[in-house]
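Here's the letter readout for the chains.
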Amino acid sequence: MTPGRRLLLGVAIAAVVAGAAIAAVAMLDGGTAAPGDGQPQTPPATSSIRPPLDDPPDPGPVPDDHGLSSADLAAAVESSVRVYGPACRGIVREGSGFAVVDGDLVVTIAHLMIGMHEPTVELHDGRELGAMLVAFDAVNDLAVLRVSGAGLRPLPLSEAVPDGTVGAVLAWEAEASPDPTPFRIDRPVTVRTDIVNGDERIERQSWLLAAQTEVGDSGAALVTGVDGRITAVGVAWGASRRGGGGVAYATRAGPLAGLLASSDLEQPAEVPACS
């Protein structure tokens, strides 16, 4: 990771509750002062589904490599984007995203979009295009943007991957290039946290990851090989701020597929107001 990434400001904090244990979690969108085409399959029956038990939970060591071929990684990079724009209190916030469905739809993270009425999406080829919010899911921390004319390579979706799956978090570098960061799925978990832009306590279907994520990584696709093709299996949304790092969370692909199927992706959605 480059020093430029570390200079990004505007980290939002949430509490993640697992039983009686509480882990501090940082939302991974950045801020600076301003003047699929596939349906997820059912996870394997062998996957463990239990909440984090430690404070923070320990998913084990972060992998040294993402395990993707050069061709698969290049294909995934063509799907990844940077999302940024002025938001609450004149702060320019930024995060990551990726293309789904028709290549003009971009998935990012919901908490990035609070108060952001004019989002811009930067593509891997250097183009910067205006975007329109078309879907917002405060429970699962997901947002979908329509970026007319983007023509990106859409990623298929699946969460039919076993514990121990290795891949890359396709986050966006401050130098305008995607940065593949290795991750390993420890297990699926149900994270108890606050709803986006509110105080209601909700449960979020997430992956518990061994990964070194940073500010600006929110909204990045978790990509790995599924049935012979590069696939998004989750969307990065937070990381533990305790225990020296290496613990991260991602919303699983199932809730994202549900949001895409239930939304009118041609019509603008209401941009949540600053609280």
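Residues numbered from 1 in each chain as written. Predicted model: local features only at pLDDT ≥ 70, side-chain atom pairs only at ≥ 80, totals over all residues. Heavy atoms only, no water.

**Overview of the overall build of the protein chain**
No. 1: Counting secondary structure elements, the protein chain contains three helices and 16 strands.
No. 2: Going through the 275 residues of the protein chain one by one, you find that 57% of them count as buried.
No. 3: Accessible surface computed for the protein chain: about 10700 Å², of which carbon and sulfur atoms make up 51%. (Helix = DSSP H or I, 4+ residues; strand = E, 2+ residues; numbered from the N terminus. Buried < 20%, exposed > 50% of the residue type's maximum accessible area, 1.4 Å probe, protein only. Areas by Shrake-Rupley, 256 points an atom, 1.4 Å probe, with all protein chains shown as cover.)

**Considerations on the pairing of strand 6 (residues 105–108)**
No. 1: Burial along strand 6 is two-sided: Leu105 and Val107 and Val106 and Thr108, pointing in opposite directions, are all buried.
No. 2: Sheet analysis places strand 5 (residues 91–100) next to strand 6, joined by three bridges and oriented antiparallel. For Val100, the partnering residue across the bridge sits in strand 6 and is Leu105.
No. 3: The turn joining strand 5 and strand 6, which pair antiparallel and follow one another in sequence, is formed by four residues; a positive phi near 60 degrees is taken by Val101. (Pairing = 2+ DSSP bridges.)

**Some words on the side chain of Thr224**
No. 1: Inspection of the secondary structure assignment puts Thr224 in strand 14 (residues 221–226).
No. 2: Of the polar contacts made by the side chain of Thr224, one reaches the backbone oxygen of Val166; its length is 2.8 Å.
No. 3: When neighbours within four sequence positions are excluded, Thr224 is seen to be in contact with Leu68, Val161, Thr165, Val166, Gly167, Arg229, Ile230, Thr231 and Val233. (Polar contact = N/O pair within 3.5 Å; in protein donor to acceptor, adjacent residues only side chain to side chain. Contact = heavy atoms within 4.5 Å.)

**What about the packing of aromatic side chains?**
No. 1: Scanning the model with the defined rule gives one aromatic pair in all.
No. 2: A cation over an aromatic ring shows up here: Arg204 above the ring of Trp237, its NZ or CZ 4.5 Å from the ring centre.
No. 3: In this structure, Arg252 is placed above the aromatic ring of Trp207, and the distance from its NZ or CZ to the ring centre is 5.5 Å. (Phe/Tyr/Trp six-rings, centres within 6.5 Å; stacked < 30°, edge-to-face > 60°. Lys NZ or Arg CZ within 6 Å of the ring centre and 35° of its normal.)

**Notes on the state of the cysteines**
In protein structure, a disulfide is the covalent linkage between the sulfur atoms of two cysteines.
No. 1: Taken as a whole and judged by the stated rule, the model has one disulfide.
No. 2: The disulfide bridge from Cys88 ends at Cys274, spanning 1.9 Å between sulfur atoms. Torsion about the S-S bond of the Cys88 and Cys274 cystine: about -100 degrees, corresponding to left-handed handedness. On the criterion of sequence distance, the pair formed by Cys88 in the loop between strand 4 (80–86) and strand 5 and Cys274 in the segment after helix 3 (253–262) is long-range, its members being 186 residues apart. (Disulfide = S-S within 2.5 Å.)

**Some words on the pattern of salt bridges**
No. 1: Applying the stated rule across the entire model yields ten salt bridges.
No. 2: Across the salt bridge formed by Arg82 and Glu94, the nearest N and O atoms sit 3.4 Å from each other. A residue pair is termed long-range when its members are at least 10 positions apart, and Arg82 in strand 4 and Glu94 in strand 5 qualify at twelve residues. Of the two residues examined, Arg82 and Glu94, each falls in the buried class.
No. 3: Across the pair Asp186 and Arg187 runs a salt bridge, and its minimum N-O distance is 2.5 Å.
No. 4: Exposure remark for Arg187: the relative accessible area of 7% places this residue in the buried category. (Salt bridge = Lys/Arg side-chain N within 4 Å of Asp/Glu carboxyl O.)

**Side note on the confidence of the model for the protein chain**
No. 1: Residue-level pLDDT values for the protein chain average 82, and 76% of them are 70 or greater.
No. 2: Every residue in residues 1–24 scores below 50 in pLDDT, and together they form 79 contacts with partners more than four places removed in sequence or on other chains.
No. 3: Segment residues 32–54: pLDDT under 50, and 62 contacts once partners within four positions in sequence are set aside and those in other chains are kept. (pLDDT = per-residue confidence, 0-100.)

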